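Below are the chains, spelled out letter by letter.
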Amino acid sequence: MKRRTFIKTTSATGLACTIPPIFPNIFDAKYSTEELMGKEKIELFGEGINLRREAYESFLAMKKAAYSDGFDIKIVSSYRDFYHQERIWERKYQQYTVEEGMAPLDAIDKIIEYSTIPGTSRHHWGTDIDIIDGFPEASGDVLLTEKFEVGGPYEGLKLWLDKNSAKYGFYLVYTNNPRRRGFEYEPWHYSYASISIPMLTAYRRLNILKLLQQENFMGIEHFTNGFVKTYLQDHILDINPVLL
Ligand SMILES: [Zn+2]
């Protein structure tokens, strides 16, 4: 069934949308709801890096090691707050609905191929990065899968990361496992596991459906309980299992 149809047909389920945590985590109390949704000012480290301290330090170590192997890891995107994500969301929503004339539900489906609903992004956490290699020449949009594949400008860095990123605590989130649902394969998006795992555990305890109902960004009136529930299961939880 197409997701669009699913959205339309699950409007009256009235489900409580908290995803039950597998195990309670002692770290949970460290993270507030606002913080988990990108609404709190958190302390970030490194100019142009913007990660939590431990993630920043590990990133620097990884960057240094990659550099000595001939790769210049550059951050394209790291921390984004709720309001930044809201601007991305609304720009895309307007582009697809107004400029391209798509129906709202089709536009939402298209946005969530790569972009998150505000308040649900891992980029809100100060643990996740989108990275490329600064050395090779690359034109146009740098965050394209083919640029990381055979013959692409970032092929070398990708192979290096496959071999080495875990040594520094960074893992690919949206893998190319064909059975994975949710976001498309993102060979550029890495997460610092030792902080993002407890943050995801804390995030899973929130009632995201209820929290989203308090927001009023464009298109949100088309969200149904069933849609949000499926989105959380597929887009938030169907990730690289080492990050769960
Ligand atoms: Zn990303």
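Residues numbered from 1 in each chain as written. Predicted model: local features only at pLDDT ≥ 70, side-chain atom pairs only at ≥ 80, totals over all residues.

### Let's talk about the overall build of the protein chain
Each helix and strand counted, the protein chain has 9 helices and 4 strands in total. Counted from the first residue to the last, the protein chain has its helices and strands arranged as α-α-α-β-α-α-β-α-β-β-α-α-α. A total of 244 residues make up the protein chain; the buried ones form 32% of that total. Considering only contacts within the protein chain whose residues lie at least 6 apart along the sequence, 75% involve residues at least 24 apart. (Helix = DSSP H or I, 4+ residues; strand = E, 2+ residues; numbered from the N terminus. Buried ≥ 20, exposed ≤ 12 C-beta atoms within 10 Å, placed from the backbone. Contact = placed C-beta atoms within 7 Å.)

### Examining the confidence of the model for the protein chain
A low pLDDT score tells you not to read the predicted coordinates there in detail. Averaged over all residues, the pLDDT of the protein chain is 91; the fraction at 70 or higher stands at 88%. In the model, residues 1–15 has pLDDT below 50 throughout and makes 21 contacts with residues more than four positions away in sequence or in other chains. (pLDDT = per-residue confidence, 0-100.)

### Points about unusual backbone geometry
Positive phi values are uncommon outside glycine, yet asparagine 50 reaches one of about 55°. Tracing the backbone shows asparagine 50 in the loop between helix H2 (33–36) and helix H3 (53–68).

### A short note on the environment of histidine 84
Its location among the elements puts histidine 84 in helix H4 (residues 82–99). Assessed through the 16 C-beta atoms surrounding it within 10 Å, histidine 84 is described here as partly exposed.

### Points about the sheet that holds strand S1 (residues 73–77)
Reading across the sheet, the 4 strands line up as S1-S2-S4-S3 and stay open at both edges, with antiparallel pairing between neighbours. Of all the strands in the sheet, just S1 and strand S3 (170–172) have a single pairing partner and so form its edges. Across this sheet, the average inter-strand angle for adjacent strands is 45°, counted without regard to direction. Bridge analysis of strand S2 (residues 128–133) against strand S4 (residues 189–192) gives 3 bridges, and the strand direction is antiparallel. Paired with aspartate 130 across the bridge in S4 is histidine 189. Relative to S4, helix H7 (residues 193–204) is tilted by about 85°, and along the sheet it contacts S2, S3 and S4. (Pairing = 2+ DSSP bridges. Axes fitted to C-alpha atoms, helices over the stretch in contact; angles between N-to-C directions.)

### Things to note about the pairing of S4
Side chains His189 and Ser191 of S4 all project onto a buried face; the interleaved residues Tyr190 and Tyr192 project onto the opposite face, where all are buried too. Alignment of S3 against S4, held across 3 bridges, turns out to be antiparallel. Of the residues in S4, the one forming a bridge with tyrosine 171 is serine 191.

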